[in-house]
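Spelled out from the first residue to the last, the chains are:
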Amino acid sequence: MTAPATVVPAVTSPVTAGTAVRTQGLTKRFRSGQVAVDGIDLLVPRGAVYGFLGPNGSGKTTTIRMILGLVRPTSGQAWLLDSPNPADVLPRVGALVEGPGFHPYLTGRANLARLDAADQTSDARTADRRASEALERVGLLAAEGKPYRQYSLGMKQRLGLAAALLRRRDLLVLDEPTNGLDPQGTREVRLLIRELAQAGTTVLVSSHLLGEIEQVCTHIGIMSRGRLLLQGPRDVIDSRGVARVAVTVAPGHVATAAGVLRVLGLDVSIEELTLGAELGTLAPARIPEALVHAGVDVTGFEVRRPSLEQVFVELTGEGFDVAR
Amino acid sequence: MSLAEAPAQSTAAAYWRLQRSELRLVLGRRRNLVLLLGLAAVPLLLGLVLFFTQDTALDGQGPAFLGRVTGNGLFLVVASVFLCLPFLLPLTIGIASGDAIAGEASAGTLRYLLTVPVGRTRLLLVKAVGALAFAAAAVASIAVVGLIAGAALFGVHDVTLLSGDTVSLGAGALRVLAVVVYVGLSLTGLVAVGLFFSTLTEVPVGAMAATVVVAIVSGVLDTIPALSAIHPALLTHHWLDFAEFLRIEPDWGVIGGGLAVQAAWVAIFGALAWSRFTTADVTS
Ligand SMILES: Nc1ncnc2c1ncn2[C@@H]1O[C@H](COP(=O)(O)OP(=O)(O)O)[C@@H](O)[C@H]1O
Ligand SMILES: [Mg+2]
């Protein structure tokens, strides 16, 4: 592992309203010797939707288990809602960890009732109403009376979300909430996350699919082989890596266009009628301006920001696959 | 932004809310109900066999109380409990206690209970009480069906004890109740062993089987004379001491000794289960 951890400052505003999750040198070495999480400093500001991204096996779930107090760190420390002791704040945290887990022979509603009964701080008198609201919210009200074992994968995932929403939460920790969902279900989860965030809930959401949740995130952290490669506000991450520009021109204008771009200091590559170049520090708007000025008939113009996946590949030199 | 609801209940009320949920889970589960029905069938079958063969089948065999069943239905309770002790009851205990933590781990529900959060000590206590309640239900279902079947088939009368003395029906019934309670308490050590195994694995069947094996091995060791030095400490050694209650003067030293051995097993394996469960990584 040679890639250095590149961490950009995570909090844009100087006023810290407290953090939802913070870790310091958090490390887990399993008894097998496997270092699943390797000294990560996570910082999830309050109010953020933090996309915790990384390939399968990169250590996301293990990190989440440590944050929630399920797994004891080998070294380092974690603070949940500014508390070093998860048990104190967990009633304010809804969690979905490594897929849903329910009693197969109990109905969806009975499973929720059991979790609510386990909560020392929840009000038994409102349990039914809150369960109904949560089921309604995830679109599972119609199947509430079916035994869990008859649920489809997507329904199971929804019940997991409903459990996390059984009461008002300050923080939701959602580990791969879109696993097993069809595109429509995935869209619904994104919408749900957006709604919750607008209502003031901080969301820490993990995924091994970069594209699935990227769009709803205000912050992003990228894991690879147990390390946090990169973390920070979305726009800061987006501006990393090199943007490319692609200009398409009418037949006969290619040579002129190439000349103009070279004058602008770009290293041009030509493919039929399309000229491509790395943008560098040049303001993209100057390109069509200069081309039109030189009388080039521009038929297409596009600036391509690198995708997160490309940023990932640039950082690690490897693809977004299972790393080990 | 903080908790929307203030603590709505006292700690005790909160504990019982989860405990009730656990009891419903354990006693409402179909597999467990089938087990209870199976145990309840033992006195019924035994009673019917004795009724139709009228004594001759078991006369002169086994402990004295087997032969007394046809004379007094109360003895059907004792005889049935006796028949279930070597295997059926340990099997039932193994299933109930081995499933306690490992069952939640294998269903993936353990991580969700712990993040509710339920304190690990509290959860272990709730699980232990659930397993004990099932053990009690198991013994009770044998006893109740035994009593009903015994009364219906043979009638209940004043009780002639093993010593030959006769006590009134009321006093005799009380002694049979004492036998049942003693047997129930004799199973607590095995519950603790099963609970400990249950904290070691995510595979409930493994914990269940290991628990049953402990009871069987204990029974085997108890028959090896060379090991007589350790016999008094064995989990199963004092199980049959319930017969003390059927003597005119029960030896309270023997009964107390049997219960003390169970208490020791409960203390040791309860502590082991607790230390394991409160420190283990939950990766299920
Ligand atoms: N209980 C465990 N014992 C040993 N290794 C484990 C255990 N759980 C996870 N690992 C290993 O730790 C690494 C990280 O796993 P995980 O945190 O589940 O990754 P992710 O959630 O990002 O897919 C993987 O290589 C996995 O094999
Ligand atoms: Mg995972």
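Shown above is the structure to which this text applies.
Residues numbered from 1 in each chain as written. Chains lettered and ligands numbered in written order. Predicted model: local features only at pLDDT ≥ 70, side-chain atom pairs only at ≥ 80, totals over all residues. Heavy atoms only, no water.

## Comments concerning the overall build of chain B
Next up, step 1: Each helix and strand counted, chain B has 11 helices and two strands in total.
Next up, step 2: The linear arrangement of helices and strands in chain B, starting from the amino end, is α-α-α-α-α-α-α-β-β-α-α-α-α.
Next up, step 3: Taken over the C-alpha trace, chain B has a radius of gyration of 21 Å; the compact-globule value for 284 residues is 19 Å, and the two agree within 12%.
Next up, step 4: Referenced to the eigenvectors of the C-alpha coordinate spread, the extents of chain B come out at roughly 75 × 45 × 30 Å.
Next up, step 5: Sequence-distant contacts, at least 24 apart, represent 77% of the contacts inside chain B between residues at least 6 apart.
Next up, step 6: Within the structure as shown, chain B displays about 11800 Å² of accessible surface, and the carbon and sulfur contribution to it stands at 72%.
Next up, step 7: Here chain B carries 14 positive and 15 negative side-chain charges, and the mean point of each set is 15 Å from the other. (Helix = DSSP H or I, 4+ residues; strand = E, 2+ residues; numbered from the N terminus. Rg over C-alpha atoms; globule rule 2.2 N^0.38 Å. Contact = heavy atoms within 4.5 Å. Areas by Shrake-Rupley, 256 points an atom, 1.4 Å probe, with all protein chains shown as cover. Lys, Arg positive; Asp, Glu negative; His and termini not counted. Charge placed at Lys NZ, Arg CZ, Asp CG, Glu CD.)

## With respect to empty space enclosed by the protein
Next up, step 1: Evaluated as defined, the whole model comprises two cavities of 30 Å³ or more.
Next up, step 2: If you add up the space inside the largest cavity, you get close to 160 Å³.
Next up, step 3: Taken together, 14 residues make up the lining of the largest cavity; nearest its centre are Ala163 and Arg169 of chain A together with Tyr112, Thr115 and Val116 of chain B.
Next up, step 4: Counting residues per element, the ones that place at least two in the lining of the largest cavity are β6 (93-96), α3 (108-118) and α5 (153-164) of chain A.
Next up, step 5: Among the elements that line the lining of the largest cavity, the one with the most residues is β6 of chain A, at three residues.
Next up, step 6: Of the residues in the lining of the largest cavity, the class split is eight nonpolar, two polar and four charged. (1 Å grid on protein atoms, 1.4 Å probe; cavity = no way out; pocket = protein on both sides within 12 Å on 5 of 7 lines; lining within 4 Å. Points joined across faces, edges and corners; volume = space filled by probe spheres on them. Nonpolar A, V, L, I, M, F, W, Y, C, P; charged D, E, K, R; others polar.)

## Side note on the sheet that holds strand β13 (residues 274-278) of chain A
All names here are of chain A.
Next up, step 1: Taken in spatial order, the four strands make up an open sheet running β12-β13-β11-β14, and their pairing is antiparallel. Here the strands that pair on one side only, and so sit at the sheet edges, are β12 (269-271) and β14 (298-304). Each adjacent strand pair in this sheet contributes to an overall mean axis angle of 20°, direction not counted.
Next up, step 2: In this structure, β12 lies alongside β13, joined through three bridges in antiparallel fashion. Within β13, the position partnered with serine 269 by the bridge is glycine 276.
Next up, step 3: Across the sheet, helix α9 (residues 254-263) touches β11 (244-249), β12 and β13, and the angle it forms with β13 is around 15°. (Pairing = 2+ DSSP bridges. Axes fitted to C-alpha atoms, helices over the stretch in contact; angles between N-to-C directions.)

## Concerning the interface of chain A and chain B
Often, the extent of an interface is quoted as the loss of accessible area upon association of its parts.
Next up, step 1: Counting from both sides, the interface comprises 42 residues of chain A and, opposite them, 38 residues of chain B.
Next up, step 2: Buried surface at the junction of chain A and chain B, both sides included, amounts to about 3500 Å², of which 53% is carbon and sulfur.
Next up, step 3: Broken down residue by residue, the surface that chain A buries against chain B is led by Leu70, Arg114 and Gln120 of chain A, which jointly contribute 21%.
Next up, step 4: Linking chain A with chain B are four salt bridges.
Next up, step 5: With a shortest N-O distance of 2.6 Å, lysine 28 of chain A and aspartate 281 of chain B are connected by a salt bridge.
Next up, step 6: Seen at the junction of chain A and chain B, the total is 21 residue pairs in polar contact (both at pLDDT 80 or more).
Next up, step 7: Elements represented by at least two residues in the side of chain A that touches chain B include exactly β6, α3 and α4 (127-137) of chain A.
Next up, step 8: Here the element with the most residues in the side of chain A that touches chain B is α3 of chain A; it accounts for five residues. (Buried area = accessible area lost by both parts, 1.4 Å probe. Salt bridge = Lys/Arg side-chain N within 4 Å of Asp/Glu carboxyl O. Polar contact = N/O pair within 3.5 Å; in protein donor to acceptor, adjacent residues only side chain to side chain.)

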